[in-house]
Amino acid sequence: MSWIDIGALDDIPERGARMVRTRAGCVALFRTGATEVFATSNTCAHKGGPLAEGIVHGRKVTCPLHNWVYSLETGEAQGADEGRIATYPVRIEDGRILIDGDAIGKRSAA
Amino acid sequence: MEKLVVIGAGMASGRLLEHLINAAPDRFEVTLFNAEPRGNYNRIMLSPVLSGEKSYAEIVTHDDDWYQAHGVTCRFGERVAHIDRDRKVVVGARGEVPYDKLVIATGSDPFIVPCPGHDLDGVIAYRDLDDTNRMIDQAPGSRAVVIGGGLLGLEAAAGLRLRGMEVTVLHLAGHLMERQLDPAAGYLLRADLERRGITVMTQASTKCIRGDGSVEAVELEDGTLLPADLVVMAVGIRPAVALAKDAGLSVGRAIEVDAQMQTSDPHVFAVGECVEFAGQLFGLVAPLYDQAKVLAATLLGEDAAFAPKQLSTKLKVTGCDLFSAGDFTDAPGREDIVYRDPARGIYKRLVVEDDRLVGAVMYGDTADGNWFFGLIKDGTDVSDMRETLIFGPAYQGGAAADPMAAVAALPADAEICGCNGVCKGRIVEAIEGGATDLGAVRATTKASASCGTCTGLVEQVLAATLGDAFAVPAAQPVCGCTDLSHEDVRRLIKSQELKSQPAVWQELGWRTPNGCHVCRPALNFYLLADWPLEYRDDPQSRFVNERKHANIQKDGTFSVVPRMWGGVTTAAELRAIADAAEKYDVPTVKVTGGQRIDLLGVKGEDLPHIWADLNAAGLVSGHAYSKGLRTVKTCVGTDHCRFGTQDSTGLGIRLEKRLWGSWTPHKVKLAVSGCPRNCAEATCKDVGIVCVDSGFEIGVGGAAGMDVKEVERLAKVATEDEAVEWTVAFVQLYREHARYLDRPYKWLGKVGLDWVKDTLSDAAARTALVARFDLSQTVYQSDPWAELSTRDRARGFAPLADLTLEAAE
Ligand code: SRM
Ligand SMILES: Cc1cc2nc3c(=O)[nH]c(=O)nc-3n(C[C@H](O)[C@H](O)[C@H](O)COP(=O)(O)OP(=O)(O)OC[C@H]3O[C@@H](n4cnc5c(N)ncnc54)[C@H](O)[C@@H]3O)c2cc1C
Ligand code: SF4
Ligand code: FES
């Protein structure tokens, strides 16, 4: 893995999200707790809604366009909706957020 | 005998010496330096000393007799200035001491926020006995400000309070002890501390400490000034590594050691808070004791290796029962189990991953803490007890949580019916006196006999009092997080004075850690409407449009609609809009149905910039995205029209200027027409005013969306002032009573226009409603565009990072 520093933990409010542009498309970063961050594709599997604009609750996010709910852990759509978004490894170190560059790179190569 | 020199007589070295002397009393000739003018004592028990529950003598771990009996040469009150590794000597203030083996155990230094005034007399840390005595010596009744709401800060605050001081705790994060606790537990802790008379301010950032020579006040970033005689800084610690660094030892964030506690010099060892092992630092005694044991073995030539373990935290404030252990941090595949008992103020949350317990937070009842901690440390497979795990070891096979618990837990004086001021106790009395159904309770107590929104609660009181003899008609709960309906939640927020979301989650028994996309926006509205001054709006509980102050479009861009008061504009405003449209490549410019102009297709990151440009021309947000005041449509009225009876344009502008910025359960639209020809379409608005010769006809409850409704007459008044007063009072009544996402016509359908008319006919009630509305406006009537287009806030609209610019591998 190659960890890339993408910003400070405090740049994302608790229960909030921010977006990062990558070569593999936009990635959403969700801060679910004081020291917990998840990364997934920013693009809703339904009609492409921007997930970083959604409401974050527990370890889930609700798409702002038509309320699909995704597990941030698995990327699986919840409830009756069927679909999946990519998830990416992230870590927090010394208050910085690191994302796995290989995982993003791999996707772009595929 | 080998010469062993130890620098620092703290918790770690004290334990080390015990192990060494027990195992090999004559192996080393020990010299012990300590900067503090005393020997080893139990530092963690300083808090009970501060609070008066213990004396210093009781927490001394090694006294003069002990050092003498074991031949330890004490150099207390002497700071080591230098280590000369070539000559293998330690240089103290009173001379050199040679060593064969050296142990550095210098602990940590408290971190002092370097804000202006930090060096004034009366600003202290909380680390040693001198700090503690300084706090004890403060006169009762004097004012202390504690900066830092972590473990240390709260123990200091509780101790100072017990000594009779006025105490305020300032904490930067959103809730107390945020590293160890989640918001729910943080809320309960805060409530406990406030009950003791401690003032807690979260999200409070210190700007400077004021005073002439000694402390007089603490000033916050938001301008608040807190008078203070003593300021205690408890914001964190920094490993004390200067000595080691200066001696050329390998130092990262602290002194680097291997698993045998050896530094980069084979003759020099380190132990305690001053070490870094495998990238990790240590701030609690449990791992330091393990290190001391390992180091004793190493010094005696035995095999031992240090391995960090899971840690648990408790707060040593008598009566604040909290426990936190393990890990809540990132890693996919984790699941929460939450249990709340509002009646007893209990909250428990377990985090399970791969059938193992990895973290636990508890408040109120921590009896099972060690059992959970054991499961965490041992990595026990919990799949068999998954269902009942949260009830602890003694309660396997327990029942599900009682949906009625929140209402059953209410005290007798909790107000259930707001209209008629009826408390739970009065209802229970009536039920016990024979009123065993809703109708009878209404007849005897008047509870739920007016607007009726508390009906669900009255039924629950019936059920809780009568048991199985009463079946509660199923009310639609807000969402899957609770069994309570919107009406119940609104009522309980008021009667129980719940002023934060964690308070609601806890006291009303929410099943999820922090709600969902359905309940969070509703709670956020209820709280800000009921407690405009105390509650702080939570952008994270808002739908994107209200968080970004623009309407999201299907392609992820946004629309921007500036306010045009009463539909009136000027050439300068139109020019500014045209300039902005060109500058930001706006694909569509459209006149809306609300008498203003919509710029559609603006990129998210351009929003703060286009707003700044529009602001510069005096244009503010039109809130076309909000559950709040949208537009006030007007017609040209007496100014121009040959039929106009009153100044409909002027009244519309006046109303829009009064009402803009307010949040409401659903959107609110107004219109004012100058005569019954009704060119502003006032008869299908939430509030529509039709001017006539003799005054103003105020209609309410109109709509022209999915349902088309004509307004019904609320009142007819003679003057413009009265029209404004009635309108504001109506909007405030709607804000205080309606459920989230009910337009006024839906709300009126539930409570009845008659009840609203009766309420508003009382002049005193109208005045009070208007006053409450205006109070709320002091907080919320401010242009969000101006707030969000500052350089600092604008950053939040851009991507966090752009990795497409990174060089390809
Ligand atoms: C821009 C505008 C259409 C236009 O081009 O004229 C418009 C656009 C939208 N309307 Fe509207 N409504 C607009 C005037 C109206 C009107 C006419 C009026 O206000 O006189 C109505 C009927 C009157 C009424 O509200 O009763 C209207 C009834 C609705 C409804 C149905 C509400 C209802 O209670 O049934 C919705 C849906 C909702 O709010 O849940 C809606 C929702 C929407 C949303 C916000 C849909 C959405 O959630 O994304 C549209 C946003 C488009 C965008 O991205 O900007 N819009 N909408 C009008 C903006 C007015 C303004 O200046 O603020
Ligand atoms: C009020 C309070 C409450 C706490 N409560 C808890 C708790 O409930 N649970 C928990 O696990 N932990 C608690 N802690 C933390 C715990 O006390 C520390 O983790 C522990 O004391 C660290 O031990 P140490 O030996 O590394 O350092 P210390 O105990 O700080 O000892 C270091 C000693 O070295 C001396 N020294 C430093 N530099 C020099 C020098 N150059 N020359 C000579 N001497 C020097 C210092 O004067 C000091 O006496 C608490 C701390 C405080 C202050
Ligand atoms: S009528 Fe429908 S499509 Fe047209 S703006 Fe309103 S909500 Fe959108
Ligand atoms: S695009 Fe996300 S729910 Fe439709």
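Residues numbered from 1 in each chain as written. Chains lettered and ligands numbered in written order. Predicted model: local features only at pLDDT ≥ 70, side-chain atom pairs only at ≥ 80, totals over all residues. Heavy atoms only, no water.

- You'll find chain B entered in an unreviewed UniProt entry as Assimilatory nitrite reductase (NAD(P)H) large subunit, with Palleronia pelagia given as the organism.
- Among the UniProt annotations of chain B, the heading Pathway (unreviewed entry) holds the following wording: "Nitrogen metabolism; nitrate reduction (assimilation)."
- For chain B, the Sequence similarities (unreviewed entry) comment in UniProt is given as "Belongs to the nitrite and sulfite reductase 4Fe-4S domain family." (UniProt positions renumbered as here; feature names shortened; annotations may be inferred.)

- Per an unreviewed UniProt entry, chain A goes by the name Assimilatory nitrite reductase (NAD(P)H) small subunit and belongs to Palleronia pelagia.

## Looking at the overall build of chain B
Reasoning step 1: When its secondary structure is counted, chain B shows 27 helices and 39 strands.
Reasoning step 2: Counting over 809 residues, chain B shows a buried share of 55%.
Reasoning step 3: In chain B, of all internal contacts separated by at least 6 residues, the share reaching a separation of at least 24 is 62%.
Reasoning step 4: Of the roughly 33700 Å² that chain B leaves accessible, carbon and sulfur atoms contribute 49%. (Helix = DSSP H or I, 4+ residues; strand = E, 2+ residues; numbered from the N terminus. Buried < 20%, exposed > 50% of the residue type's maximum accessible area, 1.4 Å probe, protein only. Contact = heavy atoms within 4.5 Å. Areas by Shrake-Rupley, 256 points an atom, 1.4 Å probe, with all protein chains shown as cover.)

## Topic: the site of ligand 1
Residue and element names in this part refer to chain B.
Reasoning step 1: Around ligand 1 there are 22 residues in total, and Gln553, Thr592, Gly593, Arg596 and Lys667 lie nearest to it.
Reasoning step 2: Taking lysine 667, its side chain carries an N or O atom lying 2.6 Å from an oxygen atom of ligand 1.
Reasoning step 3: Breaking the shell around ligand 1 down by element, the ones donating at least two residues are β31 (597–602), β32 (629–634) and β36 (703–704).
Reasoning step 4: Of the residues contributing to the shell around ligand 1, the split by class is 5 nonpolar, 9 polar and 8 charged. (Near = heavy atom within 4 Å. Polar contact = N/O pair within 3.5 Å; in protein donor to acceptor, adjacent residues only side chain to side chain. Nonpolar A, V, L, I, M, F, W, Y, C, P; charged D, E, K, R; others polar.)

## Details of the packing of aromatic side chains
Residue and element names in this part refer to chain B.
Reasoning step 1: All chains considered together, the criterion is met by 14 aromatic pairs over all chains.
Reasoning step 2: Each ring, one from phenylalanine 525 and one from tyrosine 526, has its centre 6.0 Å from the other, and the planes form 65°; the classification is edge-to-face. You'll find phenylalanine 525 and tyrosine 526 in the same group, each marked buried.
Reasoning step 3: With centroids separated by 5.9 Å and ring planes inclined at 75°, the aromatic side chains of tryptophan 565 and tryptophan 660 adopt a geometry described as edge-to-face. You can see tryptophan 565 sitting in the loop between β29 (558–560) and α19 (571–583) and its partner tryptophan 660 sitting in the loop between α21 (648–659) and β33 (668–673), a full 95 residues away along the chain. You'll find tryptophan 565 and tryptophan 660 in the same group, each marked buried.
Reasoning step 4: Aromatic rings pair up to connect Trp66, Tyr67 and Phe76 into one cluster.
Reasoning step 5: Residue placement shows lysine 499 over the ring face of tryptophan 531; its charged tip is 4.5 Å from the ring centre.
Reasoning step 6: The residue whose ring lies beneath arginine 677 is phenylalanine 643, and the NZ or CZ to ring-centre distance is 3.6 Å. (Phe/Tyr/Trp six-rings, centres within 6.5 Å; stacked < 30°, edge-to-face > 60°. Lys NZ or Arg CZ within 6 Å of the ring centre and 35° of its normal.)

## Digging into the sheet that holds strand β3 (residues 25–33) of chain A
Reasoning step 1: One open sheet accounts for 5 strands, arranged β8(A)-β4(A)-β3(A)-β2(A)-β39(B); its pairing is mixed. The sheet is open, and its two edges are formed by β8 (87–88) of chain A together with β39 (801–802) of chain B, each paired on a single side.
Reasoning step 2: Here strand β2 (residues 16–22) of chain A pairs with β39(B) via 2 bridges, running parallel. Following the sheet pairing, A:Val20 is matched in β39(B) by B:Ala801. (Pairing = 2+ DSSP bridges.)

## Considering the interface of chain B and chain A
Reasoning step 1: The partner chain A presents 43 residues to the 49 residues of chain B that form the contact.
Reasoning step 2: Across the chain B/chain A interface, buried area totals approximately 3500 Å², and carbon plus sulfur atoms make up 51% of it.
Reasoning step 3: Three residues stand out in chain B for area buried against chain A, namely B:His517, B:Leu800 and B:Leu803, and they jointly supply 21% of the buried area on that side.
Reasoning step 4: The tally of links from chain B across to chain A stands at 6 salt bridges. (Buried area = accessible area lost by both parts, 1.4 Å probe. Salt bridge = Lys/Arg side-chain N within 4 Å of Asp/Glu carboxyl O.)

## Describing the UniProt feature "binding site: siroheme" (unreviewed entry) in chain B
Residue and element names in this part refer to chain B.
Reasoning step 1: Feature annotation in UniProt places "binding site: siroheme" (unreviewed entry) on Cys679, given in this structure's numbering.
Reasoning step 2: Summarising the element assignment, cysteine 679 is placed in the loop between β33 and β34 (687–692).
Reasoning step 3: Classification of cysteine 679 as exposed rests on a relative accessible area of 63%.

## Description of α19(B)
Residues and elements named next belong to chain B.
Reasoning step 1: Helix length check: α19, at 13 residues, gives a terminal C-alpha distance of 18 Å against a target of 18 Å (1.5 Å per residue), a fit within 8%.
Reasoning step 2: The set of residues buried in α19 consists of Glu573, Ala576, Ile577, Ala580 and Ala581. On an axial view of α19, the arc spanned by its buried residues comes to 135°, and they lie on one face. In α19, the exposed positions angled more than 90 degrees off the buried face are occupied by Ala571, Arg575, Glu582 and Lys583. (Expected span 1.5 Å × (residues − 1). Arc of directions from axis to C-beta.)

## Some thoughts on the environment of B:Ala343
Reasoning step 1: Position of B:Ala343 among the secondary structure elements: in the loop between β23 (334–341) and β24 (346–353).
Reasoning step 2: Along the sequence, B:Ala343 and B:Val407 sit 64 residues apart, while their C-alpha atoms lie 9.0 Å from each other.

## Some thoughts on the confidence of the model for chain B
Reasoning step 1: When the pLDDT values of chain B are averaged, the result is 90; 97% of them are 70 or greater.
Reasoning step 2: This model gives residues 396–401 of chain B a pLDDT under 50, and the stretch forms 7 contacts once residues within four places in sequence are excluded. (pLDDT = per-residue confidence, 0-100.)

## Quick notes on the pairing of β31(B)
All names here are of chain B.
Reasoning step 1: With 6 of 6 residues buried, β31 is to be regarded as a mostly interior element.
Reasoning step 2: The sheet contact formed by β29 and β31 spans 3 bridges and is antiparallel. By the bridge assignment for β31, serine 559 is matched with leucine 600.
Reasoning step 3: Direction of pairing for strand β30 (residues 588–591) relative to β31: antiparallel, over a ladder of 4 bridges. Note that in β31 the partner of valine 591 across the bridge is isoleucine 597.
Reasoning step 4: The antiparallel hairpin formed by β30 and β31 contains 5 residues in its connecting segment, where glutamine 595 sits at a positive phi of about 65°.

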